Amino acid sequence: MNPQAKLIFATSLLMGTTITISSNHWILAWTGLEINTLAILPLISKSHHPRAIEAATKYFLVQATASALVLFSSMTNAWHTGQWDITQLTHPASCLILTSAIAMKLGLAPFHFWFPEVLQGSPLTTGLLLSTAMKFPPITLLYMTSQSLNPTLLTTMAILSTALGGWMGLNQTQTRKILAFSSISHLGWMAIIITYSPKLALLNFYLYTLMTAAAFLTLNSMKVLKLSTLMTSWSKTPTLSAMLLLTLLSLAGLPPLTGFLPKWLIIEELTKQEMAPTATIISLLSLLSLFFYLRLAYCSTITLPPHTTNHMKRWHTNKPVNTSVAILTTLSIMLLPISPIILTIM
């Protein structure tokens, strides 16, 4: 892709996100979401492969529907209350429509079906943007309207997301699809806590972004798109494979890694809200995700040649590791000991 075009799309993404997260008026927030959608489409379809074009078309249709629902919800609220302010969303029907619209934008169950397909049709770097940066504006809108939303509905959607994200990821062999289902599962954890402790949901999102970025960039530097390729990675880049193992276990939420921190705090907060059964259910459902993370980790570190895959062995390279991968991996493994500092900042 032309560097100038890439710069324009990246700037548009940044501008769309900034407009949405800094606006108080629904029309401005909607404009930011639209700019974001239009800027990411060329990045999804840049390879001109039929699968990429299909992914871009699916993404456009879903996001256009969700944006129309956001607009419809805000107009209904303005019609009944005379308020266009994002934080003043009080009409019950508007709250319901907005929850559906944001769930559709994020890929939260039961509106999650588009996300794995779109991620599978995109390059790894665009997949990273779709899993992290593109989810930031909708999460911000949820954060701003969290007081008005229905906790029961969000809890139901959250448990459904964690369950489906875990179950549907079990049988996958494509790394991008596995990370898509991982994302759906993590969104469940954010949705369940957003009405009770919005700051905690944001902290969960930041740490999820950190760990997912580390996983995507590691896979990108190893050029891994499916599990059979991952099986030969140890012989080429042992250090990177070991780091990937730790990042994946951190995504699974195992102590003493960074990913344990948001899960621990969310379970604690749910218990305070007298929702211990819900906390138990969502914790047990996250074990499903743990299984496929362990499967990825097993393939990347424990499956050593000679092996039975038909994958052509590549030459061993002593290529230096990307600095951003090193920093992100370190952060996604070692932030738990400094959790008191993180909590005081929050």
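Residue numbering note: each chain is counted from 1, following its sequence as written. Whole-chain, interface and lining totals are the exception, using all residues; otherwise, since this is a predicted model, local features are given only for residues with pLDDT of at least 70 and side-chain atom pairs are given and counted only at 80 or more. To get the side-chain values, all heavy atoms of the structure are used, and hydrogens and water are removed first.

**What about the domain arrangement of the protein?**
- Here the protein is partitioned into domain 1 (1-122) and domain 2 (150-312 + 320-345).
- Where each domain starts and ends follows an automatic or database-derived domain assignment. A straight line from the C-alpha centre of domain 1 to that of domain 2 covers 24 Å.
- Between domain 1 and domain 2, the residue contacts involve 17 residues of the former and 19 residues of the latter.
- Put simply, buried area is how much 1.4 Å-probe accessible surface two parts lose in total, over both of them, once they are put together. Carbon and sulfur atoms supply 75% of the area buried between domain 1 and domain 2, which totals about 1,500 Å² over both sides. Should any heavy atoms of two residues lie within 4.5 Å, those residues are counted as being in contact.

**A word on the environment of Phe115**
- Assignment of secondary structure puts Phe115 in helix 5 (residues 114-121).
- The buried label applies to any residue whose accessible area, calculated with a 1.4 Å probe on protein chains only, is under 20% of its type's maximum; exposed applies above 50%, and partly exposed to all values in between. Judged by relative accessible area, which is 1%, Phe115 ranks as buried.
- Remark: the alpha-carbon pair of Phe115 and Pro277, spanning 162 residues in sequence, is separated by 29 Å. Secondary structure counts use DSSP, requiring at least four H or I residues in a row for a helix and at least two E residues in a row for a strand, with both numbered from the N terminus.

**Thoughts on empty space enclosed by the protein**
- In the cavity and pocket records, a cavity denotes points on a 1 Å grid over the protein atoms alone where a 1.4 Å probe fits but cannot get out, a pocket denotes an open set with protein on both sides within 12 Å along at least 5 of 7 lines, and lining residues are residues with an atom within 4 Å of a point. Grid points are joined across faces, edges and corners, and a volume is the space filled by probe spheres set on the points. In total, this model carries 5 cavities of 30 Å³ or more according to the counting rule given.
- Quantified by volume, the largest cavity comes out at close to 50 Å³.
- Taken together, Ser185, His186, Trp189, Leu251, Ala252, Lys263, Ser286, Ser289 and Tyr293 form the lining of the largest cavity.
- Counting residues per element, the ones that place at least two in the lining of the largest cavity are helix 9 (175-193), helix 13 (238-252) and helix 15 (276-302).
- Charged residues are taken to be Asp, Glu, Lys and Arg, nonpolar residues to be Ala, Val, Leu, Ile, Met, Phe, Trp, Tyr, Cys and Pro, and polar residues to be all remaining types, Gly included. Grouping the constituent residues of the lining of the largest cavity by class yields 4 nonpolar, 4 polar and 1 charged.

**Section: helix 7 (residues 136-145)**
- Burial runs high along helix 7: 8 of the 10 residues are buried.
- Of the positions making up helix 7, those classed as buried are Pro137, Pro138, Ile139, Thr140, Leu141, Leu142, Met144 and Thr145.
- Contacts made by the buried residues of helix 7 are with helix 1 (3-22), helix 2 (26-44), helix 4 (92-106), helix 9 and helix 10 (198-222).

**Brief notes about helix 9**
- Compared with the 27 Å implied by 1.5 Å per residue over 19 residues, the 28 Å span of helix 9 between its first and last C-alpha is a close match.
- Counted residue by residue, helix 9 has 19 buried out of 19 residues, so it is predominantly covered. Multiplying 1.5 Å by the residue count of a helix minus one yields the expected span of that helix.

**Concerning the nonpolar core**
- For the purposes of this section, nonpolar cores are sets of buried Ala, Val, Leu, Ile, Met, Phe, Trp, Tyr and Cys residues that join through side-chain atoms within 4.5 Å. By size, the foremost hydrophobic cluster in this structure holds 96 residues, and its most contacted members are Ile40, Ile44, Tyr59, Leu130, Leu141 and Leu230.
- By residue number, the principal contributor to this core is helix 10, which donates 16 residues.
- Aside from chain neighbours lying at most four places away, what touches Ile40 is Leu13, Tyr59, Thr126, Leu129, Leu130 and Met134.

**What to know about the UniProt feature "transmembrane region" (unreviewed entry) in the protein**
- Feature annotation in UniProt assigns "transmembrane region" (unreviewed entry) to the following positions: residues 56-76, 96-115, 152-171, 178-196, 202-219, 240-261, 281-304 and 325-345.
- Overall, residues 56-76 shows 100% helix and 0% strand. The separation of its end C-alpha atoms is 30 Å.
- End C-alpha to end C-alpha, residues 325-345 measures 25 Å, and it is 81% helix and 0% strand. UniProt positions are given in the numbering used here, feature names are shortened, and annotations may be inferred rather than shown by experiment.

**Things to note about the layout of surface pockets**
- Roughly 170 Å³ of internal volume is contained in the second largest pocket.
- If you list the elements that add at least two residues to the lining of the second largest pocket, you get helix 10 and helix 14 (260-272).
- Here the element with the most residues in the lining of the second largest pocket is helix 14; it accounts for 4 residues.
- Its residues placed into classes, the lining of the second largest pocket shows 5 nonpolar, 1 polar and 4 charged.

**What about the packing of helix 7 against helix 10?**
- For the pair helix 7 and helix 10, interaxial distance at closest approach is 10 Å and the crossing angle is 170°. Taken together, the axes of helix 7 and helix 10 are roughly antiparallel relative to one another. In this structure, helix 7 uses Phe136, Ile139 and Tyr143 to contact helix 10, whose residues at the interface are Pro198, Lys199, Leu202, Phe205 and Tyr206. A fitted line through C-alpha atoms serves as each axis, taken over the contacting stretch for helices, and the angle formed by two N-to-C directions is quoted from 0 to 180°. For classification purposes, angles smaller than 35 degrees are called roughly parallel, those larger than 145 roughly antiparallel, those between 65 and 115 roughly perpendicular, and all remaining angles oblique.

**Digging into the side chain of Thr301**
- When you line up the elements, Thr301 lands in helix 15.
- On the accessibility criterion, Thr301 (11% relative accessible area) is buried.
- One polar contact links the side chain of Thr301 to the main-chain carbonyl oxygen of Ala297, over a distance of 2.7 Å.
- Residues in contact with Thr301, not counting those within four places in the same chain, are Trp234, Ser241, Ala242 and Leu245. Between N or O atoms, a polar contact is any pair within 3.5 Å; within protein, one atom must be a potential hydrogen donor and the other a potential acceptor, and residues adjacent in sequence are included only when both atoms are from side chains.

**Thoughts on the pattern of salt bridges**
- Salt bridges, as used here, are contacts in which a Lys or Arg side-chain nitrogen is within 4 Å of a carboxyl oxygen on Asp or Glu. Overall, the coordinates contain 3 salt bridges when judged by the stated rule.
- A salt bridge links Lys58 to Glu117; its shortest N-O distance comes to 3.9 Å. Taken together, the positions of Lys58 in helix 3 (residues 50-81) and Glu117 in helix 5 put the pair 59 residues apart, joining distant regions of the chain.
- Its relative accessible area of 29% is what places Glu117 among the partly exposed residues.
- The partner of Lys177 in a salt bridge is Glu117, with the nearest N and O atoms 3.5 Å apart. Remark: Glu117 occurs in helix 5 and Lys177 occurs in helix 9; sequence separation between them is 60 residues.
- Beyond isolated ion pairs, a larger network of salt bridges with shared partners links Glu54, Lys58, Glu117 and Lys177.

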